[in-house]
Amino acid sequence: MDKLATFNQHRALLFAIAYRMLSSATEAEDVLQEAWIRWQSTTTSVETPKPYLSQIVTRLCIDYLRSARVRRERYVGTWLPEPLAIASIQNPEEHATLAESLSFAFLKLLEYLSPTERAVFLLREVFDYSYEDIAITVGKSTSNCRQVVHRAKQHLRSHKPRIESTPQQKAKVVESFLECWQQGNLSELISIMTEDTVFVSDGGGKVTAARYPLKGSQKVARFLLALRRSRLIPPMTSQFAYVNEQPGIVNSVEDNPQSVFSFEFKECRIQTIFAVANPEKLDSMRSHFGVS
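Residues numbered from 1 in each chain as written. Predicted model: local features only at pLDDT ≥ 70, side-chain atom pairs only at ≥ 80, totals over all residues. Heavy atoms only, no water.

Chemist: Before we go on, may I ask you to explain the overall build of the chain in this structure?
Modeler: Within the chain, the regular secondary structure consists of 13 helices and 7 strands. Taken against the 2.2 N^0.38 rule, which gives 19 Å for 292 residues, the C-alpha radius of gyration of the chain at 20 Å falls within 12% of a compact globule. Reported as C-alpha extents along the three principal axes, the dimensions of the chain are approximately 65 × 45 × 40 Å. Within the chain, the proportion of its 292 residues that are buried is 49%. Expressed as a percentage of contacts within the chain between residues at least 6 apart in sequence, the contacts between residues at least 24 apart total 67%. Carbon and sulfur atoms make up 49% of the accessible area of the chain, which totals about 15100 Å². Separation of charge centres in the chain, based on 35 positive and 32 negative side chains, amounts to 6 Å. (Helix = DSSP H or I, 4+ residues; strand = E, 2+ residues; numbered from the N terminus. Rg over C-alpha atoms; globule rule 2.2 N^0.38 Å. Buried < 20%, exposed > 50% of the residue type's maximum accessible area, 1.4 Å probe, protein only. Contact = heavy atoms within 4.5 Å. Areas by Shrake-Rupley, 256 points an atom, 1.4 Å probe, with all protein chains shown as cover. Lys, Arg positive; Asp, Glu negative; His and termini not counted. Charge placed at Lys NZ, Arg CZ, Asp CG, Glu CD.)

Right, here's the structure in full:
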């Protein structure tokens, strides 16, 4: 098998690692391009390409995150992950871990970990790599990698709700949210959210968006209804869609996606709404839902 065929054979896995590391499809593709260049120029024989290529991608992502930290600190407003368009979920229970690791809530939690800690945790808990392979990839001892995973699991567990919602429950909640929002039903919209619901938006300084999160179910619900009724923006249509393997909403103007909502849940109610409106982060949505 030639190098291009080998790289393409593992490309989906490499993108999956890079996207979860960087929370950006655009940056993940940049990393894969660099990984291909390095793989193509490899002169030594590689008997097991999968761990070798994973090592290249992971190390590139760690370096990328370290250099991107300053850029993200200077980002206008709140920085959110770049959404991925997913048409549907097949066997959600069987792939629950993979699906959950794509959620905005999970990706945001990963930001509390250092680049190396993030790599160790993802490679072990999401992609099931051995501690021996992980240690070689990140240049740490296996015992150190075990400690990193243990600490990360404790940290993430402390932020996760005690009662998890099933994929079907999440979909039902989002469908109810969308119906109430479209109908302008304030009381029902509030009832679907927790009292401490937070609305977080990312406009990246490219479009109008709240620079600071809105907090409280009443404040968030009134803002959303005002947004839909506003005469200052063109008529907007909204549709249920899977975003990052999670139930979400795509908002469009003239069939062109303008923003994407993703959700975090607590006991079958909405706790956080992540709204991505930065046009530079909506390419995946436009190619999937936009006008051809």
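Chemist: I tried to follow the packing of helix 2 (residues 11-22) against helix 7 (residues 115-126) on my own but got confused; where do I start?
Modeler: Where helix 2 meets helix 7, the closest approach of the two axes is 10 Å, and the angle between their N-to-C directions is 135 degrees. One element, helix 2, and the other, helix 7, form an angle in the oblique class. Here helix 2 runs over helix 7; the crossing is right-handed. Contact with helix 2, carried on its side by Ile17, Arg20 and Met21, involves Pro115, Arg118, Ala119, Leu122, Leu123 and Val126 of helix 7 and no other residues of that element. (Axes fitted to C-alpha atoms, helices over the stretch in contact; angles between N-to-C directions. Parallel < 35°, antiparallel > 145°, perpendicular 65-115°, else oblique. Left-handed = near helix turned anticlockwise from the far one by under 90°.)

Chemist: Before we go on, may I ask you to explain the nonpolar core in this structure?
Modeler: Soluble globular proteins: nonpolar side chains tend toward being buried together. Counting residues in hydrophobic clusters, the biggest one holds 47 residues, and the most contacted among them are Phe7, Tyr19, Met21 and Val57. Elements that contribute at least two residues to this core include exactly helix 2, helix 3 (25-40), helix 4 (49-73), helix 6 (104-110), helix 7, helix 8 (131-138) and helix 9 (142-159). Examining the composition of this core, we find that 8 residues originate from one element, helix 2, more than from any other. Apart from residues lying up to four places away in sequence, Phe7 is in contact with Leu14, Leu32, Ala35, Trp36, Trp39 and Leu53. Ranked by size, the runner-up nonpolar core spans 24 residues in total, among them Trp181, Met193, Leu225 and Ile273. (Core = buried A, V, L, I, M, F, W, Y, C linked by side-chain atoms within 4.5 Å.)

Chemist: Got a minute to help me understand the packing of aromatic side chains in this structure?
Modeler: This model, assessed by the stated rule, comprises 12 aromatic pairs. Judged by centre distance (5.3 Å) and plane angle (70 degrees), the ring pair of Phe177 and Phe263 falls under edge-to-face. Of this pair, Phe177 sits in helix 10 (residues 167-183) while Phe263 sits in strand 6 (residues 256-266), and the two are 86 residues apart along the sequence. Residue classification places Phe177 among the buried positions, given a relative accessible area of 0%. (Phe/Tyr/Trp six-rings, centres within 6.5 Å; stacked < 30°, edge-to-face > 60°.)

Chemist: Sorry, what's going on with helix 8 here?
Modeler: Residue pairs spaced three or four apart in an α-helix point in one direction, given the helix's 3.6 residues per turn. Those residues of helix 8 lying buried are Tyr131, Ile134, Ala135, Thr137 and Val138. For helix 8, the arc enclosing every buried residue in end-on projection is 160 degrees, short of the 170-degree limit, so these residues lie on one face. Once helix 8 ends, the next one or two residues include Gly139, with phi positive near 70 degrees. (Arc of directions from axis to C-beta.)

Chemist: Would you take a moment to explain the environment of Leu214 for this structure?
Modeler: Within the secondary structure layout, Leu214 lies in strand 3 (residues 214-215). What makes Leu214 buried here is its relative accessible area of 19%. Separated by 59 residues in the primary sequence, Leu214 and Ile273 have C-alpha atoms spaced 9.8 Å apart. Setting aside anything within four residues of it in sequence, one finds Leu214 in contact with Thr197, Val198, Phe199, Lys219, Val220 and Phe223.

Chemist: Got a minute to help me understand the pairing of strand 4 (residues 237-243) in this structure?
Modeler: Put simply, side chains in a regular strand alternate between the two faces of the sheet. Note that strand 4 and strand 5 (residues 246-253) share 7 bridges and pair antiparallel. Residue pairing in the sheet places Thr237 in a bridge with Ser252 of strand 5. The hairpin turn running from strand 4 into strand 5, its antiparallel successor, is 2 residues long, and Asn244 in that turn takes a positive phi close to 55 degrees. (Pairing = 2+ DSSP bridges.)

Chemist: What is the right way to read helix 2 from this model?
Modeler: Here helix 2 spans 16 Å end to end across 12 residues, near enough to the 16 Å set by a 1.5 Å rise per residue. Most of helix 2 is tucked away, with 9 of its 12 residues classed as buried. Residues of helix 2 that are buried: Leu14, Phe15, Ala16, Ile17, Ala18, Tyr19, Arg20, Met21 and Leu22. (Expected span 1.5 Å × (residues − 1).)

Chemist: Mind showing me how you'd approach the pattern of salt bridges here?
Modeler: Where charged atoms from two side chains of opposite charge come close, those side chains can pair. Summed over all chains, the structure comprises 8 salt bridges. The salt bridge partner of Glu29 is Arg11, with a shortest N-O separation of 2.7 Å. In this pair, Glu29 is assigned in helix 3 and Arg11 in helix 2, connecting sequence segments 18 residues apart. On the basis of relative accessible area, Arg11 is assigned to the partly exposed category, the value being 29%. Two residues, Arg286 and Asp283, come together in a salt bridge whose shortest N-O distance is 3.4 Å. In this pair, Arg286 and Asp283 both sit in helix 13 (residues 283-289), 3 residues apart, roughly one turn of the helix. (Salt bridge = Lys/Arg side-chain N within 4 Å of Asp/Glu carboxyl O.)

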